[in-house]
Amino acid sequence: MQVETRHADETLVLAPVGDWTLASPLPDVQAVVVNAAPSSPVTAIAFDTSELGDWDSSLVTFLFEVADYGRAHGLEVRTGTLPAALERLVALSQAVPEEDTTPEAKATSLLARLGHWGLAAYDEAHALVTFLGRALRSVGAVLTGQGRMRWRAFGEALQASTASALPIVTVISLLVGLIVAFLGAVVLQRFGADYFVSYLVSYGMLRELGALMTAIIMTGRTGAAFAAELGSMKVNEEIDALETFGISPIDFLVTPRILAVVLALPMLTLYADALGILGGMGVAVTMLDLTTTQFLMGLLEPVVLSDALVGIFKAVVYGGIIGLAGCMRGLHTGDDASAVGQATTSAVVTGILLIVFANAIIDWAAAVLQF
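Just so we're clear, the structure is a prediction, and the values are computed from it rather than from any experiment.

A.B. asks: Where do I start with the packing of helix α11 (residues 305-331) against helix α12 (residues 337-369) in this structure?
C.D. replies: A pair of packed helices can be characterised by two numbers: the angle between their axes and the separation between those axes. Two numbers describe how α11 lies on α12: the axes approach to 9 Å, and their chain directions differ by 155°. One finds that α11 runs roughly antiparallel with respect to α12. When the axes of α11 and α12 are compared, the crossing they make is right-handed. Between α11, through F313, K314, V317, Y318, I321, I322, A325, G326 and R329, and α12, the contact on the second element is made entirely by A343, S346, A347, T350, G351, L354, I355, A358, N359, I362 and D363. Classifying every residue of the contact of α11 with α12 by side-chain character gives twelve nonpolar, five polar and three charged.

What follows is the structure, given as structure tokens:
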């Protein structure tokens, strides 16, 4: 690649010579212009392509850099002598100014950071309350017979939230029961109260751990799946298509999933309770020399129906939280592929935080009401 230079009045003429292809290195624009600068001032840059051979995008890049150089130094760049295709490409390259991608300086003061955090928390709470109100209205309309729901979608979500989740719930519930019984056995043996390990396991599983562990499992499994499904639909503009046709995404997509997980979680919780107690019984029989009858009697005497009812009520609440968190994050997904992964992660984090928060509130209310 060669560039010949000459001067006409106050105009610097650049003449590309020969073939300009990507196989050869590109000349440095500043070096070409500075080396060719005469003693007289230069007010414009023009081009002569009479000896130009084959060319590709490398020539366009050179001309673009020349135009930038001229604009930076207040020189007029005349492209009228260029071939029509080159002239259009150079004009197009100059039509849109280069965007400044320098990141904005982040606020460093503590007060500014607290302000940004407060605004973000307010927006998050507003979005959550708004979505909760729309979802409750849709679910209420279905339960009262005033709304319609896709029963096929409900069945698919219910199947994915129950039968498909049994293996992981089985393993976790058995292990949790074993761990609670083992810890109880180690501690109670010191006080000669081995018999009460059955009460510890049954009370812990029925009232707390059965529902809590099942909810956390379903948050990472079902809640994340909801967010990924709806997030992919949002990226593919399927949600926009539904709204264009006048179909509410809440009624069409969210309501079946919420009702499915609300119905599935109490059933899974009962299953997890039974397996956890079974795992605890295995530890009690093998480590504490208790018989199966002694374990069951120690379970039935102190444990009351309200303990199991509290656990079932928690499961219903947790199911609603899982469905709401997963669907809300899915519908609020951004427009690129990475946003789906972010929505999935956010759904799991939001679901677990709300579940723990709800668990604390329910336990406090149960203690106040002595239930």
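Moving on, there is more to tell.
A.B. asks: What's the story with the pairing of strand β2 (residues 11-20) in this structure? I'm lost.
C.D. replies: As a general feature of sheets, a regular strand has side chains that alternate between the two faces. Where burial is concerned, most of β2 is hidden: eight out of the ten residues are buried. The pairing of strand β1 (residues 2-8) with β2 spans seven bridges and is antiparallel. Counted as the bridge partner of H7 is L12 from β2. The loop that links β1 with its antiparallel partner β2 comprises two residues; one of these, D9, has a positive phi angle of about 60°. Direction of pairing for β2 relative to strand β3 (residues 44-47): parallel, over a ladder of four bridges.

A.B. asks: Before we go on, may I ask you to explain the nonpolar core in this structure?
C.D. replies: Soluble globular proteins tend to bury their nonpolar side chains together. By size, the foremost hydrophobic cluster in this structure holds 41 residues, and its most contacted members are F131, V254, L265, Y318, I322, L331 and I355. Ranked by residues supplied to this core, first place goes to helix α9 (residues 249-287) with eleven residues. Residues contacting L331, with those up to four places away along its chain left out, are F131, L230, K234, I239, P249, I250 and V254.

A.B. asks: I'm lost on helix α4 (residues 110-143) in this one. Help?
C.D. replies: In an α-helix, one full turn covers 3.6 residues, which means residues spaced three or four apart are oriented alike. Compared with an ideal rise of 1.5 Å per residue, which puts 34 residues at 50 Å, α4 spans 48 Å between its outermost C-alpha atoms and is within 8% of the ideal. Buried within α4 we find F131, A135, S138, V139 and V142. Summarising the contacts, the buried residues of α4 are in contact with α9 and α11. Count one or two residues on from α4 and you reach G145, which has phi positive near 80°.

A.B. asks: What's the story with the packing of helix α7 (residues 197-235) against α11 in this structure? I'm lost.
C.D. replies: Orientation of α7 relative to α11, taken along the N-to-C sense of each, is 15°, at an axis distance of 7 Å. The orientation of α7 with respect to α11, classified from their angle, is roughly parallel. Remark: the crossing between α7 and α11 carries right-handed chirality. Considered class by class, the residues forming the contact of α7 with α11 number 16 nonpolar, eight polar and six charged.

A.B. asks: In this structure, what is going on with the layout of surface pockets? I would like to understand it.
C.D. replies: Using a probe with the size of a water molecule, rolled over the atoms, empty space left in the structure can be pinpointed. Roughly 350 Å³ of internal volume is contained in the largest pocket. Put simply, the parts of the chain that give the lining of the largest pocket at least two residues each are α4, α9 and α11. Across the lining of the largest pocket, the residue classes tally to 13 nonpolar, one polar and no charged.

A.B. asks: Can you walk me through the environment of F131 in this structure?
C.D. replies: With respect to the helices and strands, the residue F131 is situated in helix α4. A sequence separation of 104 residues divides F131 from V235, and the C-alpha atoms of the two residues are 19 Å apart. Apart from the residues lying within four places of it in its own chain, the contact partners of F131 are I250, V254, L324, C327, M328 and L331.

A.B. asks: Even after reading the chapter, I still don't get unusual backbone geometry, so can you show me in this structure?
C.D. replies: Leave glycine aside and you will find that most residues have negative phi; peptide bonds, for their part, are mostly trans. In this structure, E237 takes a positive phi of about 65° despite not being glycine. Inspection of the secondary structure puts E237 in the loop between α7 and α8 (238-244).

A.B. asks: Quick question: what am I supposed to make of the packing of aromatic side chains here?
C.D. replies: On inspection of all chains with the given rule, the structure shows two aromatic pairs. Consider the rings of W151 and F154, whose centres lie 5.6 Å apart with planes at 85°: the pair is edge-to-face. Of this pair, W151 and F154 both sit in helix α5 (residues 151-161), three residues apart, roughly one helical turn. Under the relative-accessibility criterion, W151 is labelled exposed at 59%. Since its relative accessible area comes to 14%, F154 is described here as buried.

A.B. asks: I tried to follow α7 on my own but got confused; where do I start?
C.D. replies: At M205, α7 shows its largest bend, some 60°. Positive phi shows up at E237, right after α7, with a value of about 65°.

Parameters at a glance
- Residues numbered from 1 in each chain as written.
- Predicted model: local features only at pLDDT ≥ 70, side-chain atom pairs only at ≥ 80, totals over all residues.
- Heavy atoms only, no water.
- Axes fitted to C-alpha atoms, helices over the stretch in contact; angles between N-to-C directions.
- Helix = DSSP H or I, 4+ residues; strand = E, 2+ residues; numbered from the N terminus.
- Parallel < 35°, antiparallel > 145°, perpendicular 65-115°, else oblique.
- Left-handed = near helix turned anticlockwise from the far one by under 90°.
- Contact = heavy atoms within 4.5 Å.
- Nonpolar A, V, L, I, M, F, W, Y, C, P; charged D, E, K, R; others polar.
- Buried < 20%, exposed > 50% of the residue type's maximum accessible area, 1.4 Å probe, protein only.
- Pairing = 2+ DSSP bridges.
- Core = buried A, V, L, I, M, F, W, Y, C linked by side-chain atoms within 4.5 Å.
- Expected span 1.5 Å × (residues − 1).
- 1 Å grid on protein atoms, 1.4 Å probe; cavity = no way out; pocket = protein on both sides within 12 Å on 5 of 7 lines; lining within 4 Å.
- Points joined across faces, edges and corners; volume = space filled by probe spheres on them.
- Phe/Tyr/Trp six-rings, centres within 6.5 Å; stacked < 30°, edge-to-face > 60°.
- Bend = angle between axes of the 7 residues up to and from the residue.

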